[in-house]
Structure formats: C-alpha cells, structure tokens
Amino acid sequence: MKRLLIVVMVFGFVGSLAVMAQGVNPRKTEVIDLGNDVRLETVLIPAGKFMMGSPESEKGRRTTETQHEVTITKSYYMGKYEVTQEQWELVMGNNPSIRNKGAKLPVTNVSWDDCQEFITKLNENTKSSFRLPTEAEWEYACRAGTKTAYSFGNNQTKDDANIGGDSIKTVGSYKPNAFGLYDLHGNVWEWCEDWSGFYPAGAVTDPKGPATGAGRVLRGGSFNGNGSRSRSSSRVNYTPTVRLANNGFRLAKNP
C-alpha cells in the first residue's frame, strides 16, 4: 500500500521557553497521510522544565507519585490524538479492538509489545522515527505548563473527559489542553516507553525510567475509571504482553 508523507508547518507566537511551557500553542505540527485519507497528526512540544508527580495534598494521590523536578532538554512531537483503529488497520492489516469498533475510536486491546510492532512497521512505511513517549514526556505534554491535578484545573467532571462510563469515545471529543493535545485524561490508558519504577527524590534531566522491570508504564486513565485515576500524575503499569479493552497508546517522535 502506498504511503505518502506530508509535513505541514504552522507558525504562531514566538516567545520564551518559559512562556511556551505555560500554555502557548506549539508552532509546528506534522501530518502524515497513511493512505485512504487517513492522517496521523503530531504536535511539537517545546523543551522545558516542570514538577513531575503530585504534592501530598492532592486528592487521589498515590505514594508512587513523589514530586520532583524534571528538565526536558529537547523538543519532541507528540500525537495530537490517541492512535485510532483506522490508523492501526492501515499499518497492521487488522483491528485488535474487541469491545468497541469504529474508525475514529482509539485502538484498544494492544499490548506494549504490539505497539512496538506497529511502530516498527509505521516507521518502515513512512521513513520516520516514531516511538512511544517516555513517562516524563507524557506528563510534561499532558500538563502543558499547569501545576494542577488535571490540565484544566483541580476538578474534573464528565464534561471534561471520558471517565466513569462504559465505552471509549471518538478521539478529540473533548477540549484540548494548552499544547493542543486531546484526550490525555480518560478514554484509554496510554502505554509509555518506560519500565515502571520509583521516582528519584531529586531533580533529573531527560529521565527514561529503570533499565529493567516487570511492568511498563501507562498514563491518562480510562473511560471506565474514576476521576482520580486520570490525573496528570496518575500512573499504573502492566506486563508488556497484557491486552485490555481500556488500554491504547499515543505516539511520540523526535524532530
């Protein structure tokens, strides 16, 4: 199947790094046409510094969320949406989603290992360098300069995200965060690159998690979870072979 690569650049306000990290929309997006009018959109996330994890006072906090300073030294691209079923099917030739099917729904029932296979084939088809985001990249992109429990404040309702329900929803059904990314809270848990482990107590730069482990990290919460599980700092982990109806993923890529 023919794959056509299209790059679209959108330039906006040019400001300082601190201003960018506090909510100014990124200046560039990339759009890749996978064929059959199916496109994969990514948004440029600026480098910056943030507090990862949660304060002890945050409602729903867990002990694995030790707050610490993280510096992201290089900008990177992040998927504007979760990977959809039509995108997966164009690359892999199948649709693993079991509970709910739909072209614009996030793909589910994919393991971390399955995601790696998808990424390998996608990169072969597009001559690109997609990957899963690190856990730090994911939280930094989710927060988009905020310090609250969610990217839109300290409280969350069903008007803000797909939570406390019984099914996934079309990607982009809710308002984006300040970086222009959708569905980072709820809908499906998103696989990250990292092995799960305890956070360090001090400041770190470009962390990538432990070298080995038993489970890979997922972020963002899901459609059938409660609000506290979809906080910006919330984290869970599963073995890399697990496939669940509320697990999906989002792509990242270096510029």
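Residues numbered from 1 in each chain as written. Predicted model: local features only at pLDDT ≥ 70, side-chain atom pairs only at ≥ 80, totals over all residues. Heavy atoms only, no water.

Asks: For this particular structure, what's the right way to read the confidence of the model for the chain?
Replies: Low pLDDT marks stretches whose predicted atomic positions should not be read closely. Summing up the model confidence of the chain, the mean pLDDT is 91 and the portion of residues at 70 or higher is 89%. Note that residues 1–26 has pLDDT below 50 and, in this model, 57 contacts with residues that lie over four places away or in other chains. (pLDDT = per-residue confidence, 0-100. Contact = heavy atoms within 4.5 Å.)

Asks: Just checking my understanding: could you explain the environment of Gly164 for this structure?
Replies: In this fold, Gly164 is placed in the loop between helix H4 (135–143) and strand S8 (189–195). Residue classification places Gly164 among the partly exposed positions, given a relative accessible area of 41%. In this structure the C-alpha to C-alpha distance between Gly164 and Gly227, which are 63 residues apart in sequence, comes to 7.4 Å. Residues in contact with Gly164, not counting those within four places in the same chain, are Lys158, Phe223, Asn224 and Gly225. (Helix = DSSP H or I, 4+ residues; strand = E, 2+ residues; numbered from the N terminus. Buried < 20%, exposed > 50% of the residue type's maximum accessible area, 1.4 Å probe, protein only.)

Asks: Help me understand the sheet that holds strand S4 (residues 48–52) in this model?
Replies: Within a beta sheet, neighbouring strands are joined by backbone hydrogen bonds and run either parallel or antiparallel to one another. Taken in spatial order, the 3 strands of this open sheet run S4-S5-S9, and their pairing is mixed. Bordering the open sheet on either side are S4 and strand S9 (204–205), each of which pairs with just one other strand. Where S4 lies against strand S5 (residues 68–72), 5 bridges are found, and the strand directions are antiparallel. Across the sheet, Met51 pairs through a bridge with Glu69, a residue of S5. Sheet strands touched by H4: S4 and S5. Its angle to S4, the strand with the most contacts, is close to 95°. (Pairing = 2+ DSSP bridges. Axes fitted to C-alpha atoms, helices over the stretch in contact; angles between N-to-C directions.)

Asks: What's the story with helix H2 (residues 85–92) in this structure? I'm lost.
Replies: Every α-helical turn comprises 3.6 residues, leaving residues that sit three or four positions apart pointing alike. Burial analysis of H2 places 7 of its 8 residues in the buried class, the great majority of the element. In this structure, the buried residues of H2 make contact with strand S2 (29–35), strand S3 (38–45), helix H3 (112–126) and strand S12 (247–249). Two residues or fewer after H2 comes Gly93, characterised by a positive phi angle close to 80°.

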